[in-house]
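The chain contents come next:
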Amino acid sequence: MNGRTVLQRFPAGGPRGSWPAEEYAHDRRLEGLPAEVVMDLATDAFLVIVRSGEGAVDATA
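Here goes a summary of the coordinates provided. (Residues numbered from 1 in each chain as written. Predicted model: local features only at pLDDT ≥ 70, side-chain atom pairs only at ≥ 80, totals over all residues. Heavy atoms only, no water.)

**Observations concerning the nonpolar core**
Now for step 1: Among the nonpolar cores identified, the biggest contains 8 residues, and these are Leu7, Phe10, Ala21, Ala25, Leu33, Ala35, Val48 and Val50.
Now for step 2: Counting residues per element, the ones that place at least two in this core are strand 1 (4-11), helix 1 (20-30) and strand 3 (45-51). (Core = buried A, V, L, I, M, F, W, Y, C linked by side-chain atoms within 4.5 Å. Buried < 20%, exposed > 50% of the residue type's maximum accessible area, 1.4 Å probe, protein only. Helix = DSSP H or I, 4+ residues; strand = E, 2+ residues; numbered from the N terminus.)

**What to know about the environment of Pro11**
Now for step 1: Assignment of secondary structure puts Pro11 in strand 1.
Now for step 2: Considering only alpha carbons, one finds Pro11 and Thr43, 32 residues apart in sequence, at a separation of 8.5 Å.
Now for step 3: In contact with Pro11, not counting residues within four places along its chain, are Asp44, Ala45 and Phe46. (Contact = heavy atoms within 4.5 Å.)

**Topic: unusual backbone geometry**
Now for step 1: Even without being a glycine, Asp44 presents a positive backbone phi close to 50°.
Now for step 2: Among the structural elements, Asp44 can be located in the loop between strand 2 (36-40) and strand 3.
Now for step 3: Residue classification places Asp44 among the partly exposed positions, given a relative accessible area of 48%.

**Details of the pattern of salt bridges**
Side-chain pairing between opposite charges can occur once the charged atoms of the two side chains come close.
Now for step 1: Across all of its chains, the model carries 2 salt bridges by this definition.
Now for step 2: For Arg28, the salt bridge identified is with Glu31, shortest N-O distance 3.0 Å.
Now for step 3: Residue Arg28 is classed as buried on the basis of its relative accessible area of 14%.
Now for step 4: The exposure class assigned to Glu31 is exposed, which follows from its relative accessible area of 57%.
Now for step 5: The residue Arg51 makes a salt bridge to Glu36 at a minimum N-O spacing of 2.9 Å. (Salt bridge = Lys/Arg side-chain N within 4 Å of Asp/Glu carboxyl O.)

Right, dumping it as structure tokens:
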């Protein structure tokens, strides 16, 4: 395993001025999860992740 849980995936080609991955991660941080956004170059998508050992949950998208 790579030590992270993917909470949600967002396509990289979102509308101009829209940051859905960042907004989703922000909402998860308000809930107490240390969510962060990373880019998956292989799939051209933004992933909202929680690293293992940081309050990770067993929920993948």
